[in-house]
Amino acid sequence: MHFQMFKEYDIIVVGAGHAGCEAAAAAANIGSSVLLVTMNMQTIAQMSCNPAMGGIAKGQIVREIDALGGYSALVSDHSMIQFRMLNKSKGPAMWSPRTQNDRQLFATDWRSRLENIPNVDFWQEMVSGIVVENNQVKGVKTGMGMTIHSKAVILTSGTFLNGTIHIGEKKFGGGRAGERAATGITEQLVELGFESGRMKTGTPPRLDGRSINYEILEVQHGDEDIQGFSFLDSRKPEIQKNCWVAYTNPKVHQMLQSGFDRSPMFNGRIRGIGPRYCPSIEDKIDRFAERDRHQLFVEPEGWNTVEIYLNGFSTSLPEDVQYKALQLIPGFENAKIFRPGYAIEYDYFPPTQLSLSLETKLVQNLYFAGQINGTTGYEEAACQGLMAGINAHLQCTDKDPLILKRSEAYIGVLIDDLINKGTDEPYRMFTSRAEFRILLRQDNADQRLTPIGHKIGLASDERYEKVKNKTASISNVLNFIKNLSVDPEYINPILNKLGSAEINQKMKLKKVLSRPGVTLDLVIDNVPGVADELRKYSQEILTASEIELKYDGYIQKEKEMVDKMNRLESVILKEDLPYLEMPSLSAEAKEKLNKVRPATIGQASRISGVSPSDISVLMVYVGR
């Protein structure tokens, strides 16, 4: 009798990092049966690098995940030890929420949320390969020789595929400090015709907080107003922990340079390309030799530990060099190391081999999400996991995939960039990558995406009702402001203080608010009758209304650009167009179009190397 331990699942998710957790939760919450396979049940949702979520452009992504019905924001809020809204001195398109988190609490909270989803099963073991029949995935093979069947597979292998850890001249296999690498998958995928590459990332030493002299460091407090990430009313901490800022100096740099001859970065042992925007400390002093100091952030790892993460000191230098250089930083003269920094090299698959749903072009129902696609960052990984989970479920139920446009979400920008431009260095999201960033703000992610999340059954009714109420409230506030005229006697004192020209007759409040420096708060505090009407709304509603009002011209301009873009997006390109035989296309365009096979003219226009004149040729070809 054949012993069958597993049922056939709808979806198997391989790897339980940020991408895998979001993928499993999303697919299961909209109705798929999911098996989450991980090499170690104790490291589900591990923050392998810094104990923080969000930051510039990444904070917007976390809010978008939340708006669609994912879990990253709720977990981050629940485990935060400090909250800051970054870039408040800039325009609202740049405001980015960031939390400092308790590393253990973050992982524990994620695991318990997953365990509370009835459709998610768990299995602890290494996956050594996938089962493919007729170019379609049918399940996975495990290290112990089991075959588990499913309709779809999502690979979220992080830094584990043939992972190699480097510390100075030492190197050993591993996917993360203290954990073994995963083998077998890359080799099989390459045999199936996939192209693979190597990337590297690094992490700083972890320090004993008791050995640091905080007195001479610059303190960094959290915001008084803790907004958090989630649009639901999530739990926020009563108190916050401080972070600190420290600086390197020429002596530190000299000490680090003394180890360059033994550094795997400089003697050719590391071949993978590292992240340009999160370079190691040796990279920084090599590339920016003119700077005599670099900023370091001293970040606590949680509520109940003395462990410290030294952000900005990522390194793969020998341990003795790390130690000596650290002790030359003011405040770190007596620093003790819990574990040295290291670099890790791992396999990735250039993401041009995927379609916009994150399904591979070569093997049907096989999805890639996270660092396997060449991205950096928990947030970038989590949003890909979410989309892969949603799309694997939609595919299993014969529905069209959910593709977010560049004008709808940073998630749309990220996936579109990866699929159309590919990446040969670890990809990181920035606000500058989005053409429509005034539309893609962190404050309106719920208005943009919750209706979409609700329609596919992922965002709850509670979320949907909240968004409808928010939109109605903003509309009420805007109508009140547009219709109210204010007296010079109340407005002029405000304008005088700001050095702005006085008004000599009644003026619409909308017009007064469009002046630089005039805020809704100032008006509410100084103009009779306004407070009674507006203070019944939350600060969130008032801030959102003020942004809509002050940036109205820019918002309208971007909306027009989006309409223009969307017209190109609606021109479909057939799967089998003979690009190589179109004489008017440039040689590069022929090659790139033939490789990527874009679904629409809009997608074709964003492939690097495809020029506006090539697009005109295509438009003529499809009869436009």
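From a predicted model like this one, the values you see are computed outputs, not experimental measurements.

Trainee: Please clarify how the overall build of the protein should be interpreted in this entry.
Mentor: A count of helices and strands for the protein gives 21 helices and 22 strands. The C-alpha radius of gyration computed for the protein amounts to 26 Å, which stays within 12% of the reference 25 Å derived for 624 residues, consistent with globular compactness. Per-residue burial over the protein gives 57% buried out of 624 residues. Here the analysis covers contacts within the protein between residues at least 6 apart in sequence; of these, 72% occur between residues at least 24 apart. Within the structure as shown, the protein displays about 26600 Å² of accessible surface, and the carbon and sulfur contribution to it stands at 49%. Each charge sign in the protein was given a centre, from 72 positive and 76 negative side chains, and these centres are 2 Å apart.

Trainee: Where do I start with the sheet that holds strand β4 (residues 80–86) in this structure?
Mentor: Pairing between the strands of a sheet comes from backbone hydrogen bonds, and it takes one of two forms, parallel or antiparallel. Strand order in the open sheet made by the three strands is β3-β5-β4, with antiparallel pairing throughout. The sheet is open, and its two edges are formed by β3 (52–54) and β4, each paired on a single side. Taken pair by pair, the neighbouring strands of this sheet meet at an average axis angle of 15 degrees, ignoring direction. Sheet analysis places β3 next to strand β5 (residues 96–101), joined by three bridges and oriented antiparallel. Of the residues in β5, the one forming a bridge with Gly54 is Arg98.

Trainee: Looking at this structure, how should I read the packing of helix α2 (residues 58–68) against helix α3 (residues 72–79)?
Mentor: The description of two helices packed together rests on the angle between their axes and the distance between the axes. Viewed as axis vectors pointing N to C, α2 and α3 meet at an angle of 115 degrees, and their least axial separation amounts to 7 Å. Contact residues: α2 offers Val62, Ile65 and Asp66, while α3 offers Ser72, Ala73 and Leu74.

Trainee: What am I meant to see in helix α18 (residues 552–569) here?
Mentor: The periodicity of an α-helix, 3.6 residues per turn, causes residues three or four positions apart to be oriented the same way. Its 18 residues place the ends of α18 25 Å apart at the C-alpha level, agreeing with the 26 Å of an ideal helix rising 1.5 Å per residue. Every buried residue of α18 is accounted for by Ile555, Glu558, Val562, Met565 and Glu569. For α18, the arc enclosing every buried residue in end-on projection is 80 degrees, short of the 170-degree limit, so these residues lie on one face. Exposed residues lying more than 90 degrees from the buried face of α18 are Gly553, Lys557, Glu560, Lys564 and Arg567. Residues of α18 that are buried sit in contact with α17 (539–550) and α20 (601–605).

Trainee: I'm lost on the environment of Ile148 in this one. Help?
Mentor: Secondary-structure assignment places Ile148 in strand β9 (residues 147–155). For the pair formed by Ile148 and Leu189, sequence separation is 41 residues and the distance between their alpha carbons is 18 Å. The contact partners of Ile148, leaving out residues within four places of it in the chain, are Phe6, Tyr9, Ile12, Leu35, Trp123, Lys138, Gly139, Val140 and Thr142.

Trainee: Which parts of the structure should I look at to understand the side chain of Glu125?
Mentor: Along the chain, Glu125 turns up in the loop between β6 (120–124) and β7 (127–133). No salt bridge is formed by the buried Glu125. Its closest oppositely charged neighbour is Arg180, at 7.3 Å. Here Gly143 takes part through its backbone nitrogen, which lies 3.2 Å from a polar atom of the side chain of Glu125. Excluding its chain neighbours within four sequence positions, the residues that come into contact with Glu125 are Val37, Thr38, Met39, Thr142, Gly143, Met144, Gly145 and Met146.

Trainee: Hey, could you run me through the pairing of β5 in this one?
Mentor: Counting buried positions along β5 yields six of six residues, so the element is predominantly enclosed. Burial of the side chains of β5 extends over both faces: Ser96, Arg98 and Gln100 are buried on one face and Pro97, Thr99 and Asn101 on the other.

Trainee: I'm lost on helix α8 (residues 319–326) in this one. Help?
Mentor: Buried residues of α8: Val321, Gln322, Ala325 and Leu326, and no others. In a view along the axis of α8, the buried residues occupy a sector of 125 degrees, so they form one face of it. Buried residues belonging to α8 abut β10 (164–167), β13 (206–208), α6 (250–257), β17 (307–311) and β18 (337–339).

Trainee: Would you mind showing me how to read the environment of His454 here?
Mentor: Relative to the helices and strands, His454 resides in helix α11 (residues 445–455). Residue classification places His454 among the partly exposed residues on the basis of a relative accessible area of 23%. When the C-alpha atoms of His454 and Val75 are compared, they prove to be 20 Å apart, with 379 residues separating the residues in sequence. Here His454 is in contact with Ala459, Ser460, Asp461 and Tyr464, once residues within four sequence places are set aside.

Trainee: What's the story with the nonpolar core in this structure? I'm lost.
Mentor: In a soluble, globular protein the nonpolar side chains are often hidden away together inside. Counting 94 residues, the largest nonpolar core has Leu366 and Ile411 as the members making the most contacts within it. The element contributing the most residues to this core is helix α9 (residues 378–396), with 11 residues. Contacts of Leu366, omitting those with residues within four sequence positions, involve Ile130, Val137, Val153, Leu155, Leu189, Phe194, Leu358, Glu359 and Thr360. In terms of nonpolar packing, the next biggest core, distinct from the first, is built from 25 residues, Ile481, Val530, Leu534 and Leu549 among them.

Trainee: Help me understand the sheet that holds strand β19 (residues 342–348) in this model?
Mentor: Overall, antiparallel pairing links the four strands, which are arranged β11-β10-β19-β12 in an open sheet. The sheet is open, and its two borders are formed by β11 (170–173) and β12 (197–203), each paired with just one other strand. With strand direction ignored, the average angle separating the axes of adjacent strands in the sheet is 25 degrees. Relative to β11, β10 runs antiparallel, the two sharing four bridges. The residue bridging Ile167 from the neighbouring strand is Lys170, located in β11.

Trainee: Which parts of the structure should I look at to understand the packing of aromatic side chains?
Mentor: Given two aromatic rings, their pairing is described by the distance between the two centres and the angle made by the two planes. Here the structure, examined in full by the defined rule, presents eight aromatic pairs. Plain terms: the ring middles of Phe6 and Trp123 are 5.0 Å apart, the flat faces sit at 85 degrees to each other, and that makes the pair edge-to-face. Within this pair, whereas Phe6 is found in the segment before β1 (9–14), its partner Trp123 is found in strand β6, the two being separated by 117 residues in sequence. Between Tyr71 and Trp110, the aromatic rings sit 5.7 Å apart at their centres with planes inclined by 45 degrees, giving tilted as the arrangement. Here Tyr71, found in the loop between α2 and α3, pairs with Trp110, found in helix α4 (residues 103–115); they are 39 residues apart in sequence, far enough to count as distant. In terms of burial, Tyr71 and Trp110 fall into one category: buried. Members of the aromatic cluster, each reached through a chain of ring pairs, are Phe194, Phe349 and Phe368. In this structure, Arg293 is placed above the aromatic ring of Tyr247, and the distance from its NZ or CZ to the ring centre is 3.7 Å.

Trainee: Where do I start with the state of the cysteines in this structure?
Mentor: Disulfides are covalent bonds that link the sulfur atoms of two cysteine residues. Counting across every chain of the model gives zero disulfides. For the unlinked cysteine Cys21, the closest cysteine sulfur is that of Cys383, found at 15 Å. Overall, Cys21 belongs to the buried group, its relative accessible area being 0%.

Trainee: Just checking my understanding: could you explain the pattern of salt bridges for this structure?
Mentor: Two side chains carrying opposite charge are able to pair once their charged atoms lie near each other. Taken as a whole and judged by the stated rule, the model has 33 salt bridges. Between Arg210 and Asp208 there is a salt bridge; the shortest N-O distance is 2.9 Å. On the basis of relative accessible area, Arg210 is assigned to the exposed category, the value being 63%. Taking relative accessible area as the criterion, Asp208 reaches 3% and is therefore assigned buried. With a closest N to O distance of 2.8 Å, Glu588 and Lys592 form a salt bridge. Separated by four residues within a single helix, Glu588 and Lys592 lie in helix α19 (residues 587–596), roughly one turn from each other. Residue Glu588 is classed as partly exposed on the basis of its relative accessible area of 41%. Connected through salt bridges with shared partners, the residues Arg406, Asp416, Asp417, Lys421, Glu435, Glu569 and Arg606 form a single ionic network.

Procedures and definitions
Residues numbered from 1 in each chain as written. Predicted model: local features only at pLDDT ≥ 70, side-chain atom pairs only at ≥ 80, totals over all residues. Heavy atoms only, no water. Helix = DSSP H or I, 4+ residues; strand = E, 2+ residues; numbered from the N terminus. Rg over C-alpha atoms; globule rule 2.2 N^0.38 Å. Buried < 20%, exposed > 50% of the residue type's maximum accessible area, 1.4 Å probe, protein only. Contact = heavy atoms within 4.5 Å. Areas by Shrake-Rupley, 256 points an atom, 1.4 Å probe, with all protein chains shown as cover. Lys, Arg positive; Asp, Glu negative; His and termini not counted. Charge placed at Lys NZ, Arg CZ, Asp CG, Glu CD. Pairing = 2+ DSSP bridges. Axes fitted to C-alpha atoms, helices over the stretch in contact; angles between N-to-C directions. Expected span 1.5 Å × (residues − 1). Arc of directions from axis to C-beta. Salt bridge = Lys/Arg side-chain N within 4 Å of Asp/Glu carboxyl O. Polar contact = N/O pair within 3.5 Å; in protein donor to acceptor, adjacent residues only side chain to side chain. Core = buried A, V, L, I, M, F, W, Y, C linked by side-chain atoms within 4.5 Å. Phe/Tyr/Trp six-rings, centres within 6.5 Å; stacked < 30°, edge-to-face > 60°. Lys NZ or Arg CZ within 6 Å of the ring centre and 35° of its normal. Disulfide = S-S within 2.5 Å.

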